[in-house]
Amino acid sequence: MGNCFAPLSPGSSDSEGNPAASSSRRPQITTTTATNTGSPSEQRIRAESGSNTNQDQDQVPIQGRPERRKSRLNKHSRSSSILSLGKSININMGGGPPLDALRNYATLANPSQSLSASKLLLTTRNTIAVFDQYPKAKYHFLVLPRYPFTSQLNPDSKKSIVPLDTLNDLKSLLLKADRESREEILLALENTSREVEEMIRDEMLKTEGFEWKIDIGFHAIPSMKHVHLHVISDDRISPSLKTKKHHNSFRPDLGFFIDIMEVKRWIEDDSNMRERVDAMYDAKRLLDTPLTCHKCDEFMTNVPKLKTHLEKHFQEERATALNNIARHGRQRSSDEEMF
DNA sequence: GTTCTAGAAC
DNA sequence: GTTCTAGAAC
């Protein structure tokens, strides 16, 4: 527990699992300060594609996350922009919950042409990363497998290695996909999530001058169809975080949020997969866990108090990190803090 | 998933 | 009186 400053990580592999492709590359996001209000996910940010060496990757500029207006206005403007796209995307058009929004993203033939830069972060051959529409932290993105999901081992094949309904959620991916497909899909999701993580770290340094922890995992019970991985900064500071369930659903220690490393352990030894999936069906009750801070476990009587408390954590982490950088020229991990 | 709002909590 | 939550509606 306590503050968790992750040390700078080395260059990631490319987004399809080829570590040699980008030994020292780190995706760059630049921020303009002109609209420097709201969470950084909502600020105007732009990727510099010049250093991109991955031919598979169709990385688009990250720019123009427009400022939010009142929700009703937002819905109207969203509907009209959707209508102007080449392919009709049914997001909340019927007044019901937008259950199919992610599936519509995942099945686009050409996401970088169809999706605006305020929705799309990047795409690869088999994955897509988008802004969470209601971010629950300063940085919050979703990574999903595209359909058709084609095999890297067979570059010319356009055929999906799994049927669409296998990609409904994590449960169906774990139970319906064969071992090889399951591993290939999870690896692609993980690699893209690491790419997103690096972009976030760059942005953290630019906007706040230090980096902080990022969590990567699945929800046991997702609210939208199509399996998706959350990449979320652990500040949990956002206007869209409004309820105890929101906060509990991202607590890394409860069981509702399942870290990607945990899922990787599951597929290495899949003898208990049925029990693990059954436990996921039962996870809903975890959201009713009493409200406590995910960093220090202090009990919180209500959500507004939690939000004030989390702001305090963040300011303290920031002060400690900036102090360390001033004194030692680098950020130190929480382990080093103990000595 | 969000929004709305009745009634509980303060 | 106001603030906040939880469940229904979407």
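Each chain carries its own residue numbering, running from 1 in the written order of its sequence. Working convention: letters from A go to chains and numbers from 1 go to ligands, in the order in which they are written. With the structure being a predicted model, the display of local features is reserved for residues of pLDDT at least 70 and the display and counting of side-chain atom pairs for 80 or more, all residues being used for whole-chain, interface and lining totals. Side-chain calculation: all heavy atoms of the structure are included, whereas hydrogens and water are not.

The name given to chain A in an unreviewed UniProt entry is C2H2-type domain-containing protein, with the source organism recorded as Kwoniella dendrophila CBS 6074.

Caption draft 1: Structural view of the packing of helix H5 (residues 179–208) against helix H7 (residues 260–268). Between N-to-C directions, angles cover 0 to 180 degrees, with each direction set by a line fitted to C-alpha atoms, over the stretch in contact for helices. Only runs of H or I of at least four residues qualify as helices and only runs of E of at least two qualify as strands under DSSP, and these elements are numbered from the N terminus. It is the contact of H5 with H7, at a shortest axis distance of 11 Å, that shows an interaxial angle of 160°. Considering the angle they form, H5 stands roughly antiparallel to H7. Judged by the sense of rotation from one axis to the other, the crossing of H5 with H7 is left-handed. Every residue of H7 that contacts H5 at Arg 179, Arg 182, Glu 183, Leu 186, Glu 190 and Arg 194 is listed here: Ile 260, Met 261, Val 263, Lys 264, Ile 267 and Glu 268. For classification, angles of less than 35 degrees are called roughly parallel, those exceeding 145 degrees roughly antiparallel, those between 65 and 115 degrees roughly perpendicular, and all remaining angles oblique. Crossing handedness is read from the near helix: turned anticlockwise from the far helix by less than a right angle, it gives a left-handed crossing, and turned clockwise, a right-handed one. Any two residues whose heavy atoms approach within 4.5 Å at even a single point are treated as in contact.

Caption draft 2: Here's a closer look at the pattern of salt bridges. Here, a salt bridge means any side-chain nitrogen of Lys or Arg that lies within 4 Å of a carboxyl oxygen of Asp or Glu. The final tally for this structure, using the stated rule, is 21 salt bridges. Salt-bridge contacts for Glu 197 lead to Arg 201; the nearest nitrogen and oxygen are separated by 3.2 Å. Within this pair, Glu 197 and its partner Arg 201 are both found in helix H5, separated by four residues, close to a single helical turn. Of the two residues, Glu 197 and Arg 201, both sit in the buried class. Linking Asp 288 and Lys 245 is a salt bridge whose minimum nitrogen-to-oxygen distance equals 3.9 Å. Pair noted here: Asp 288 is in the loop between helix H8 (273–281) and helix H9 (303–328) and Lys 245 is in helix H6 (residues 244–248), with a separation of 43 residues, a long-range link. Relative accessibility under 20% of the residue-type maximum defines a buried residue, over 50% an exposed one, and the middle range a partly exposed one, all with a 1.4 Å probe and only protein chains included. Look at Asp 288 and you get partly exposed, because its relative accessible area is 45%.

Caption draft 3: Representation of the side chain of His 230 within the structure. Structurally, His 230 can be placed in strand E7 (residues 229–233). Reaching out from His 230, the side chain makes a polar contact with the side chain of His 219 at a distance of 3.5 Å. Contacts of His 230, omitting those with residues within four sequence positions, involve Asp 132, His 140, Phe 141, Leu 142, Asp 215, Ile 216, Gly 217, His 219, Phe 250 and Phe 257. Counted as a polar contact is a pair of N or O atoms within 3.5 Å, where, for protein atoms, one must be capable of donating a hydrogen and the other of accepting one, and residues adjacent in sequence contribute only when both atoms are in side chains.

Caption draft 4: Up close: the nonpolar core. In plain words, nonpolar cores are sets of buried Ala, Val, Leu, Ile, Met, Phe, Trp, Tyr and Cys residues tied together by side-chain atoms within 4.5 Å. By size, the foremost hydrophobic cluster in this structure holds 52 residues, and its most contacted members are Leu 174, Val 196, Ile 200 and Phe 218. Excluding its chain neighbours within four sequence positions, the residues that come into contact with Phe 218 are Leu 170, Leu 186, Leu 189, Val 227, His 228, Leu 229, Phe 256, Phe 257, Ile 258, Ile 260 and Val 263. In this structure, Leu 102, Leu 108, Leu 120 and Ile 128 belong to the second largest nonpolar core, which totals 10 residues.

Caption draft 5: Main features of unusual backbone geometry. Residues Tyr 147 and Pro 148 are joined by a peptide bond in cis, for which omega reads 0°. Of note, Pro 148 is situated in the loop between strand E5 (140–145) and helix H4 (170–176). Backbone geometry at Asp 297 places phi at a positive 70°, although glycine is not the residue there. Take Asp 297: it is sitting in the loop between H8 and H9. Classification of Asp 297 by relative accessible area gives partly exposed; the value is 43%.

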